[in-house]
Amino acid sequence: FNADATVGEDGKYTFPSLPPGEARVTVSGKLRDAPNRSTRRQTTIFNDQVTMLDIDIEGGRAGIEGVVTREGKPLANASVDVYMQEVEVGEAASTLTNAKGEYRIVDLPPGPANVSFSTNEPGQRKGHPIVLEDGNVQRMNENFLAAVLVTVSMRGVSSEVPLTVSIYRGPVEVVEDGGTFTVRGDQAFAIGVYRDGTYKFQGVEVGEYTIVAIAREPGENNAPVKVATDAITVTKDKPLTIEMTLR
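Now for a look at the structure at hand. (Residues numbered from 1 in each chain as written. Predicted model: local features only at pLDDT ≥ 70, side-chain atom pairs only at ≥ 80, totals over all residues. Heavy atoms only, no water.)

### Describing the packing of aromatic side chains
Quick note on the threshold: Pairing of aromatic rings covers Phe, Tyr and the six-membered ring of Trp, with a centre-to-centre limit of 6.5 Å; geometry is then stacked below 30 degrees between planes, edge-to-face above 60, and tilted otherwise. In DSSP terms, a helix is any run of H or I states spanning at least four residues, a strand is any run of E spanning at least two, and both are numbered starting from the N terminus. Per-residue accessibility, obtained with a 1.4 Å probe over protein chains only, is compared with the maximum for each type, and a residue is labelled buried under 20%, exposed over 50%, and partly exposed between these values. Counting as a charge over the ring demands two things of the Lys NZ or Arg CZ atom: a distance within 6 Å of the ring centre and an angle within 35 degrees of the ring normal.
Under the defined criterion, the tally for this structure stands at one aromatic pair. Summarising the aromatic geometry, the rings of Tyr103 and Phe117 are spaced 5.8 Å apart at their centres and angled 75 degrees between planes, so their arrangement reads as edge-to-face. Of this pair, Tyr103 sits in strand E7 (residues 102-108) while Phe117 sits in strand E8 (residues 111-119); the two residues are 14 residues apart in sequence, bridging distant segments of the chain. Phe117 carries the same exposure label as Tyr103, and that label is buried. A cation over a ring is seen here: Lys126 above Phe144, with NZ or CZ 5.4 Å from the ring centre.

Okay, here's the thing in C-alpha cells:
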C-alpha cells in the first residue's frame, strides 16, 4: 500500500484512512536552497487511532562539492548522493551535476557519511566514505573510465542451488574454514543481474578483476560450499563473456 501527501506551509501532513500495521514514511524535498533531501522513519499504524509522527530533516554547516568527469571530460546529469551515518536512519541528500560536471551539496550535518556517484549510460556507480566537517565544504572529484558489459555464464550447478556471482578489483584470497569459504578482496560489484541463465554486470571499467562465484547450501543454513574464481582483464570498448564451472 502506498500513499502520498504534501507538507503544508505549517510543516504538517496528514494521511487519512490508512490500514493498520507497520509503515515506513519517507519525506523528501529541499532544505532551504540546498539540493534534494530525504529521510525515512518507521512507525506503527493502529486501528481507529491517529498516529503522530514528527520528522526533522537534520541540517548543518557541512558540505561537499566537486566535478564529475568521464575520461577527463565533464559529465552532466550524473547523480551524487550523500548518505549520513550518525543521524536518523535513512537520512540522505542528492543532486545532479550541471553541464560542466559540477555539483554542490550543503547544509549537511557533520560526521561520517558515504558519497555515491552514478551514471545511467552506461550504468556505473562508485562510492567513497567521507567524514563531513562542520563549517567546511569539502571537495571530492570523481572520474569514470570507459566501461563495458561483462556477462558470466555458470556451468556445473543446479538451478535450485543458491548462487551469487560477484566481481572484485584485482586479486582475491579465498579462505576455507570447516567446509565453508570466505572471500577477501576489494568488491567492485556485489551481485550480477541474473537474466537468461547468465549474470550481467553493466558498467565495468577498464582494469584487472576477479570474478567470484559462490554456491550455497539450500535451506536456512545457506553456507557457502563451492567457490570458483576467474581473473579477467577488461579493455575499452570490448564486452566480455565468461564461462565458469563450479567443481
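### Describing the layout of surface pockets
Operational definition: Buriedness for pockets is judged along seven lines, at least five of which must meet protein on both sides within 12 Å for an open set on the 1 Å grid over protein atoms alone, while cavities are sets there where a 1.4 Å probe fits but cannot get out, and lining residues have an atom within 4 Å of a point. Grid points are joined across faces, edges and corners, and a volume is the space filled by probe spheres set on the points. Only Asp, Glu, Lys and Arg are considered charged, only Ala, Val, Leu, Ile, Met, Phe, Trp, Tyr, Cys and Pro nonpolar, and every remaining residue, Gly among them, polar.
Approximately 370 Å³ is the volume found for the second largest pocket. Together, 16 residues line the second largest pocket, and Gln124, Arg125, Lys126, Ala188 and Phe189 are the ones closest to its centre. Across the lining of the second largest pocket, the residue classes tally to four nonpolar, nine polar and three charged.

### Some points on the pattern of salt bridges
Stated precisely, the cut-off is as follows: Here a salt bridge means any side-chain nitrogen of Lys or Arg lying within 4 Å of a carboxyl oxygen belonging to Asp or Glu.
Tallying each qualifying case throughout the model produces eight salt bridges. A salt bridge links Glu71 to Lys236; the nearest nitrogen and oxygen atoms lie 3.5 Å apart. Of this pair, Glu71 sits in the loop between strand E3 (62-70) and strand E4 (73-74) while Lys236 sits in the loop between strand E18 (224-234) and strand E19 (240-245), and the two are 165 residues apart along the sequence. A salt bridge links Lys126 to Glu142; the nearest nitrogen and oxygen atoms lie 3.4 Å apart. With a gap of 16 residues between them, Lys126 in strand E9 (residues 124-132) and Glu142 in strand E11 (residues 142-144) connect regions that are remote in the sequence. For the pair Lys126 and Glu142, a shared accessibility class is recorded, and that class is buried. Bridged by salt links that share partners, the residues Glu65, Arg104 and Arg139 form one connected network.

That's the geometry; what it means functionally is another story.
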